[in-house]
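As a plain string of letters, each chain reads:
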Amino acid sequence: MAYSDAQVSVPYGVDSYAADMAEYCRQMGDAVLPVSNSHYRAEVRNAPEAGRYEVCRLGDGFFIRFAEMTYPEPRSAHFRSPDSLHIYLASSGDGEYLPNGGTPLSFEAPSAVLIIEPAGAPPAEVTLVGSMRYIYIVMHFDALRALYADKVHDLPALLQDVLEGGAHSTNGWALPLSAELLRCLGDVQTCPLEGHRRCLFLKSKTIEIFCHALEAFDKSDCLQSTRFTKSMARGVLKARRFLEQNFISPPSLEELAAEAGVSRSTLCTGFRQILGQSVYDYIRDLRMQRALLLLTERDDPLIQIAYAVGYIRPSSFSAAVQRHFGATPSELRQRSRSSSA
């Protein structure tokens, strides 16, 4: 049985990071060896778990964690790092990343995963199990902009859209695991350097991993296939932005395709390849996100909220909420009130 005993939020600034992580390690009972104020190693002594990990803050909004850990039972934590790009790379172990209300993304090794978490997304549940050997990188969108400076147009089209504010829900993609990525993982795990040289080495390797991951992302099946073109990407992203403004009364697929400048089949195929879900599923998720906000922050009658998010019949609204969140609208509202009391 998986157990969850951690709520992990990644702070943006280096200074706040040092204090927060020191307190986190103290609570977890790990034996910590500081390398600098924002870089440390730890030996895990929470039986039956065993292993070691290292965390290095490379700059504001930019950090790497790598580990060799054994989890005899599934270990879960709720993880939050808004407005960030995540890269997970593993050569052994298993697990999954589960966005709130989203589709699970497998961490079964060997694997490489890229995740985009926008601001306002609920914490995702991360579960790991087995003998893990992995690298986890988080890069805030501001750090990504700084890294690319005036070359942002060289990023994949989807990431360009993200930096322009086009991401409103957490998305993740499995990437092809290249020999270069595996080599980088080994280089990081076996680095013999110490002190500041070690930090510089980790920064260079982190950027190398980031570049290889973006290359894999650019060429992966989710973004490249015989049916995939840049015009498809532009059409899907345009359709997504249109739906974000019109999900209460969405157009038909034919009307949406015309608005996006692509065919209906291209639109449907592109949504599944690029966003990992159908057009209808995307509309449902937008409605549920808005419904959750109205249920937890306002006291409007349920029938009024149902109409406000596009449901004509309150019974259909209640059934949709139950399927999506595993609770009725009234139960969600009551939980919100109880937690804020």
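All figures in this text were calculated on a predicted structure; none of them were measured in a lab. (Residues numbered from 1 in each chain as written. Predicted model: local features only at pLDDT ≥ 70, side-chain atom pairs only at ≥ 80, totals over all residues. Heavy atoms only, no water.)

### Quick look at the side chain of Thr206
Here Thr206 shows up in helix H5 (residues 195-219). Relative accessible area serves as the criterion here: at 1%, Thr206 is assigned to the buried category. The contact partners of Thr206, leaving out residues within four places of it in the chain, are Leu58, Phe62, Ile64 and Ile137. (Helix = DSSP H or I, 4+ residues; strand = E, 2+ residues; numbered from the N terminus. Buried < 20%, exposed > 50% of the residue type's maximum accessible area, 1.4 Å probe, protein only. Contact = heavy atoms within 4.5 Å.)

### Section: the confidence of the model for the protein
Close inspection of predicted coordinates is inappropriate for parts of the model with low pLDDT. Of the residues in the protein, 87% reach a pLDDT of 70 or more, and the chain-wide mean stands at 84. When the criterion is pLDDT under 50, residues 1-5 qualifies, and its contacts beyond four places in sequence or with other chains add up to 14 contacts. Here residues 223-227 is modelled with pLDDT under 50, and outside its nearest four sequence neighbours on either side it reaches 10 contacts, counting other chains as well. (pLDDT = per-residue confidence, 0-100.)

### Examining the nonpolar core
One finds Ile116, Ile135, Ile209, Leu267 and Phe271 to be the most contacted residues of the largest nonpolar core, which totals 58 residues. Here this core gets 8 residues from one element, more than from any other, and that element is H5. Excluding anything up to four places from it in sequence, Ile135 contacts Ile64, Arg65, Phe66, Ile87, Tyr88, Leu89, Cys184, Leu185, Val188 and Ile209. Formed by 25 residues, the second largest nonpolar core is a distinct cluster that contains Ala42, Phe63, Tyr134 and Val138. (Core = buried A, V, L, I, M, F, W, Y, C linked by side-chain atoms within 4.5 Å.)

### Quick look at the pairing of strand S10 (residues 171-175)
Burial along S10 is one-sided: the residues Asn171, Trp173 and Leu175 are buried and none of Gly172 and Ala174 is. As defined by bridge partners, strand S8 (residues 111-117) adjoins S10 across 5 bridges and the pair is classed as antiparallel. Among the inter-strand pairings, Leu114 is bridged to a residue of S10, identified as Trp173. (Pairing = 2+ DSSP bridges.)

### Comments concerning the packing of helix H4 (residues 179-189) against H5
When two helices pack together, their arrangement is given by the angle between their axes and by how far apart the axes lie. Axis separation between H4 and H5 bottoms out at 10 Å; the angle between their running directions is 165°. Regarding the angle of H4 to H5, the classification is roughly antiparallel. The handedness of the crossing between H4 and H5 is left-handed. Judged by residue contacts, Glu180, Leu181, Arg183, Cys184, Asp187 and Val188 of H4 engage Phe201, Leu202, Lys205, Glu208, Ile209, His212 and Ala213 from H5. (Axes fitted to C-alpha atoms, helices over the stretch in contact; angles between N-to-C directions. Parallel < 35°, antiparallel > 145°, perpendicular 65-115°, else oblique. Left-handed = near helix turned anticlockwise from the far one by under 90°.)

### Observations regarding the environment of Arg313
The residue Arg313 is located in the loop between helix H10 (302-308) and helix H11 (314-325) in this model. Here the alpha-carbon distance between Arg313 and Ile303, two residues 10 residues apart in the chain, equals 8.0 Å.

### Topic: unusual backbone geometry
In this structure, the amide linkage connecting Ala109 to the following residue, Pro110, adopts the cis form with an omega of -5°. Of note, Pro110 is situated in the loop between strand S7 (105-106) and S8. Unusually for a residue other than glycine, Asp83 sits at a positive phi of about 55°. Within the secondary structure, Asp83 sits in the loop between strand S5 (62-80) and strand S6 (84-98). Phi is positive for Ala149, close to 50°, though the residue is something other than glycine. Within the secondary structure layout, Ala149 lies in the loop between helix H2 (141-148) and helix H3 (157-166).

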